[in-house]
Amino acid sequence: MTIDQYNFNGKKAIVRVDFNVPLDENGNITDDTRIRGALPTLKKILADGGSLIIMSHMGKPKGKVNPKMSLSQIKDAVAKALGTEVEFAEDCATAADKAAALKPGQVLLLENLRFHPEEEGKPVGIDKADPAYDAAKKEMKEKQKEFAKTLASYADVYVNDAFGTAHRRHASTAVIADYFDADSKMLGYLMEKEVKAVDNILSDIKRPFTAIMGGSKVSTKIGIIENLMDKVDNLILCGGMTYTFAKALGGEVGKSICEEDKLDLALDIIKKAKEKGVNLVLGIDCVAADDFSNDANTMVVSSKEIPAEWEGLDAGPETRKLFANAIKGAKTILWNGPAGVFEFDNFTAGSRAIADAVVEATENGAFSLVGGGDSVACVNKFGLADKVSYVSTGGGALLEAIEGKVLPGVAAIKG
Ligand code: AMP
């Protein structure tokens, strides 16, 4: 079943969204992207004449009630975004009466799902090494099913629109789907778009395909790098991981971020790229700084000849040209992770060069997907988010999907 095919008229829909929005110390929302992302799905349900039960997590309360992570703080913002009043259920596990009372067009927001440990399904207060852990885990999995069943009992139909948590097998993201038949569960519009974007990258590839992997460490990106090696024509590795490669190739990297225990891994990646005919693009020069700060003194040096007290914080001018050349002619582009410490205005040039080249390629017909944590903040900082084909809302979920893993949140609905 797809959301477009379904008529919600007279139905109660329980929708898992990702309203894990950042709040300031007064509980004000500092970025409402995630709320706006779910609106097409929520509005379609209301426009059809359905009623809405909205559920989400916020933060990591670890199974305990924590007022700082209460979704009551965002109730008014949700009401404003939907243009209608929103009722609030202070405990998501005992909201049956409020759900039953909903009339078409009415909205109920449930309190943070993660106030209940059953949502995540992990036993609390017991160490993994404890001999009783396995039994506790088994018991918690049973409780998770009960919790999911309770949530399911509120509604006629289940919609999952929370891509950000689709890589988790939680009560509200996956287990709940077992309590709805195939015609009464579906992905929301945001999830559909995310799944389609990943599909463009993994199966519907127009060549050349350039992937740009940046960020701080190679160790957190190795799964995805290995998966991409079989698919891409050009692989740009940038950001902090540059220096692990430079060191592995015999260079001096000064105080640059470097994973000493990943030098063999770096050499292995270089070897595999050669074997597979992938054009691996590594930085050759960098902007080095004498301090990890925006106001540090800087100089451009070879990435393999960084003086002892200096550290590479951005891609150098020659490297930027190499990156741009590998991006401009591409027809499929994936970008995850910045090319430097873009949070400091003086070290944005590498990421900026990538962003500009991605925008140019997109204007020339490429499909470009930007996603996974900091790369989104980076394109937002440059004001270029609407000039690429797709900006993913998922961090871990996007990376796992591109690694080729099946996302439990998607599998629970599509089988
Ligand atoms: P990740 O979460 O792994 O995608 O890493 C993103 C972070 O990597 C950002 O906060 C960047 O500031 C950081 N980063 C990028 N390049 C460097 C670098 N050369 N040295 C230290 N950190 C970096």
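Notes on the structure follow. What you see is a predicted model, and the numbers here were worked out from it, not measured in a lab.

Concerning the environment of Met58
Note that Met58 resides in the loop between strand 2 (51-55) and helix 2 (75-82). Once the C-alpha coordinates of Met58 and Phe88 are considered, the two residues, 30 residues apart in sequence, prove to be 15 Å apart. Aside from chain neighbours lying at most four places away, what touches Met58 is Phe19, Asn20, Val21, Leu23, Met69, Ser70, Leu71, Gln73, Ile74 and Asn112.

Structural notes on the packing of helix 1 (residues 33-48) against helix 2
Two elements in contact, helix 1 and helix 2, have axes whose closest approach is 10 Å; the angle formed by their N-to-C orientations is 60 degrees. It follows that helix 1 is oblique to helix 2 by the angle criterion. Considering only the axes of helix 1 and helix 2, their crossing is right-handed. Contacts between helix 1 and helix 2 involve Ile35, Leu39, Leu42, Lys43 and Leu46 on the former and, on the latter, Ala77, Val78, Ala81 and Leu82.

Considerations on the pattern of salt bridges
Where side chains of opposite charge bring their charged atoms close, a pairing between them can arise. Enumeration over the complete set of coordinates arrives at 21 salt bridges. Of the charged contacts in the structure, one is a salt bridge between Lys122 and Glu120, with a shortest N-O distance of 3.9 Å. A salt bridge links Glu318 to Lys321; its shortest N-O distance comes to 3.4 Å. Pair noted here: Glu318 and Lys321 are both in helix 10 (residues 317-328), with a separation of three residues, about one helical turn. A network of salt bridges, in which partner residues are shared, links Glu226, Asp268 and Lys272.

Parameters and conventions
Residues numbered from 1 in each chain as written. Predicted model: local features only at pLDDT ≥ 70, side-chain atom pairs only at ≥ 80, totals over all residues. Heavy atoms only, no water. Helix = DSSP H or I, 4+ residues; strand = E, 2+ residues; numbered from the N terminus. Contact = heavy atoms within 4.5 Å. Axes fitted to C-alpha atoms, helices over the stretch in contact; angles between N-to-C directions. Parallel < 35°, antiparallel > 145°, perpendicular 65-115°, else oblique. Left-handed = near helix turned anticlockwise from the far one by under 90°. Salt bridge = Lys/Arg side-chain N within 4 Å of Asp/Glu carboxyl O.

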